[in-house]
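Letter by letter, the chains look like this.
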Amino acid sequence: MEDDWPQQVRGWELARHGHIENYRKRLANNVTVTAIWENATGTGTVDARVETLGFGRTLTSSRKEFRDKEAFWTAARCVVEMASNLPSLGAGNESPADSELFEEVAGNVEAEPGTNGTPEAELTFTLVNGRTVTLILSDDQAFDMCTRIYKLDKYVWDEQRDEDEDDEDATDDETEEDDEDAIDEAVEVPDISDVRSSPDTGHDVVTLLEAQFGVTEDYLMAHVDWSALIVVGEPAVSSPISRGEELHAALQPRWYPVVVDRPGEQWVVLRRTGLRYVGE
């Protein structure tokens, strides 16, 4: 039977018990993020758990006491962002959720500053079917989106444009080459088809693990700030451990792997270089 969460605040379900405010956000991948704020002491905590009611295994949690409500909500949003990118836990293999919309955009995209008092961007898309959709992005998400579109333009669209120009030039060159008596000696060009850059973001590491080592998102956990990824469970752990040198070479220079012994199992922790962790 559904429990009683009578209110909605900032897109969260809210249940009040005396001076305690219990907030809950249930995600499509069967993860529940819970945020608790105690008005009497002015402190709060945030965690993400398996199962929709939030009683399952804890995936991640904040430091124990936030004494500022703005910092409390910032942490809650970060945990939601992290948990939304996890694989479906106990509810199938799809993650994080099915696409709500798939439609062409008409005209320009409107970009305005957010209205929540924090650095945000509100992007409004007008679709060809006449509907409008507004997305709210944090400053980090907006920057990441701009960076990804720039990479798409530089490494995909530019290449397509160059190929079209090369095809036109090749047609003109064929006519000229038929009239030439001598052919210049060909210049040897190195083959760079297999050259690739090392992973930068946590999402890049997720892509590399699946493509090169067969480790899918179902076996991954991540820190809230994406400073580390953790491979758990078999057979996913055995592959990167047995191919340790190859894994280390693939992650350099921004990430490095560490094998951690846990009770009855091992984890492979992929950490961002230049950061230190509790216990080191």
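Provided above is the structure to which this section pertains.
In this report, the structure presented in the accompanying data block is examined.

What counts as what
- Residues numbered from 1 in each chain as written.
- Predicted model: local features only at pLDDT ≥ 70, side-chain atom pairs only at ≥ 80, totals over all residues.
- Heavy atoms only, no water.
- Patch = residues over 30% accessible without salt bridge, like charges linked within 9 Å, V, L, I, M, F, W, Y side chains within 5 Å.
- Areas by Shrake-Rupley, 256 points an atom, 1.4 Å probe, with all protein chains shown as cover.
- Salt bridge = Lys/Arg side-chain N within 4 Å of Asp/Glu carboxyl O.
- Lys, Arg positive; Asp, Glu negative; His and termini not counted.
- Charge placed at Lys NZ, Arg CZ, Asp CG, Glu CD.
- Helix = DSSP H or I, 4+ residues; strand = E, 2+ residues; numbered from the N terminus.
- Buried < 20%, exposed > 50% of the residue type's maximum accessible area, 1.4 Å probe, protein only.
- Phe/Tyr/Trp six-rings, centres within 6.5 Å; stacked < 30°, edge-to-face > 60°.
- Pairing = 2+ DSSP bridges.
- Axes fitted to C-alpha atoms, helices over the stretch in contact; angles between N-to-C directions.
- Left-handed = near helix turned anticlockwise from the far one by under 90°.
- Contact = heavy atoms within 4.5 Å.
- Nonpolar A, V, L, I, M, F, W, Y, C, P; charged D, E, K, R; others polar.

### Remarks on a negative patch on the surface
Logical step 1: On the surface, a cluster of negative charge is made up of Glu159, Asp162, Glu163, Asp164, Glu165, Asp166, Asp167 and Glu168.
Logical step 2: Its location among the elements puts aspartate 164 in helix α2 (residues 139-178).

### Describing the pattern of salt bridges
Logical step 1: Counted according to the given criterion, the structure contains 10 salt bridges.
Logical step 2: Between glutamate 21 and lysine 69 there is a salt bridge; the shortest N-O distance is 3.1 Å. Here glutamate 21, found in strand β3 (residues 20-26), pairs with lysine 69, found in helix α1 (residues 69-84); they are 48 residues apart in sequence, far enough to count as distant.
Logical step 3: On the basis of relative accessible area, glutamate 21 is assigned to the buried category, the value being 7%.
Logical step 4: Judged by its relative accessible area of 29%, lysine 69 falls in the partly exposed class.
Logical step 5: Ionic contacts of the salt-bridge type, sharing partners, join the residues Glu13, Arg24 and Arg26 into one network.

### Quick word on unusual backbone geometry
Logical step 1: Going from glutamate 234 to proline 235, the amide bond is cis rather than trans, its omega being 5°.
Logical step 2: The step from glutamine 252 to proline 253 runs through a cis peptide bond, and the omega angle for that step is 0°.

### Some remarks on the packing of aromatic side chains
Logical step 1: The tally for this structure, following the rule as stated, stands at 4 aromatic pairs.
Logical step 2: Aromatic pair tyrosine 23 and tryptophan 73: ring centres 4.8 Å apart, planes at 70°, arrangement edge-to-face. Of the two residues, tyrosine 23 sits in strand β3 while tryptophan 73 sits in helix α1, which places them 50 residues apart along the sequence. Considered together, tyrosine 23 and tryptophan 73 belong to a single accessibility category, that of buried residues.
Logical step 3: Both rings, one in phenylalanine 72 and one in tryptophan 73, keep their centres 5.4 Å apart while their planes meet at 65°; by these two values the pair is edge-to-face. No difference in accessibility class separates phenylalanine 72 from tryptophan 73, as the two residues are buried.

### Focus: the sheet that holds strand β9 (residues 132-138)
Logical step 1: Strand order in this open sheet of 3 strands is β7-β8-β9, and the pairing throughout is antiparallel. Where the open sheet ends on each side, the last strands, each with one partner, are β7 (110-113) and β9. The mean inter-strand angle of the sheet, taken between neighbouring strand axes irrespective of direction, is 20°.
Logical step 2: Across 7 bridges, the pairing between strand β8 (residues 120-126) and β9 is antiparallel. For threonine 126, the partnering residue across the bridge sits in β9 and is threonine 132.

### Here's the deal with a nonpolar patch on the surface
Logical step 1: A surface patch of nonpolar side chains, amounting to about 450 Å² of accessible area, comprises Ile149, Leu152, Tyr155, Val156 and Trp157.
Logical step 2: Assignment of secondary structure puts valine 156 in helix α2.
Logical step 3: A residue is classified by how much of its surface remains accessible, and valine 156, at 33% relative accessible area, is partly exposed.

### Here's the deal with the environment of valine 224
Logical step 1: Positionally, valine 224 belongs in the loop between β10 (220-222) and β11 (228-231).
Logical step 2: On the basis of relative accessibility, which here comes to 27%, the residue valine 224 falls in the partly exposed class.

### Some thoughts on the packing of helix α3 (residues 202-213) against helix α5 (residues 244-251)
Logical step 1: Close contact between α3 and α5 brings their axes to 11 Å; oriented N to C, the two are set at 145°. Once α3 is placed against α5, the crossing between them reads as right-handed. Side by side, α3 and α5 meet where Val205, Leu208, Leu209, Gln212 and Phe213 of the first sit next to Glu246, Leu247, Ala250 and Leu251 of the second.
Logical step 2: When the residues that make up the contact of α3 with α5 are grouped by side-chain class, the tally is 7 nonpolar, 1 polar and 1 charged.

### Comments concerning the pairing of strand β5 (residues 43-50)
Logical step 1: Counting buried positions over the 8 residues of β5 gives 6, a clear majority of the element.
Logical step 2: Sheet analysis places strand β4 (residues 31-38) next to β5, joined by 8 bridges and oriented antiparallel. What sits directly across from valine 31, in β5, is valine 50.
Logical step 3: Adjacent in sequence and paired antiparallel, β4 and β5 are bridged by 4 residues, among which glycine 42 carries a positive phi angle near 70°.

### Focus: the sheet that holds strand β13 (residues 265-272)
Logical step 1: Judged by pairing direction, the sheet is antiparallel, and its 4 strands sit side by side in the order β10-β11-β13-β12 without closing on themselves. Every other strand in the sheet has two partners, leaving β10 and β12 (255-262) as the edge strands with one partner each. For this sheet, the mean angle separating the axes of adjacent strands, direction not counted, is 25°.
Logical step 2: Relative to β11, β10 is paired through 3 bridges, and the arrangement is antiparallel. Bridged to leucine 220 within β11 is valine 231.
Logical step 3: On the sheet, α3 packs against β10, β11, β12 and β13 and is oriented at approximately 25° with respect to β11.

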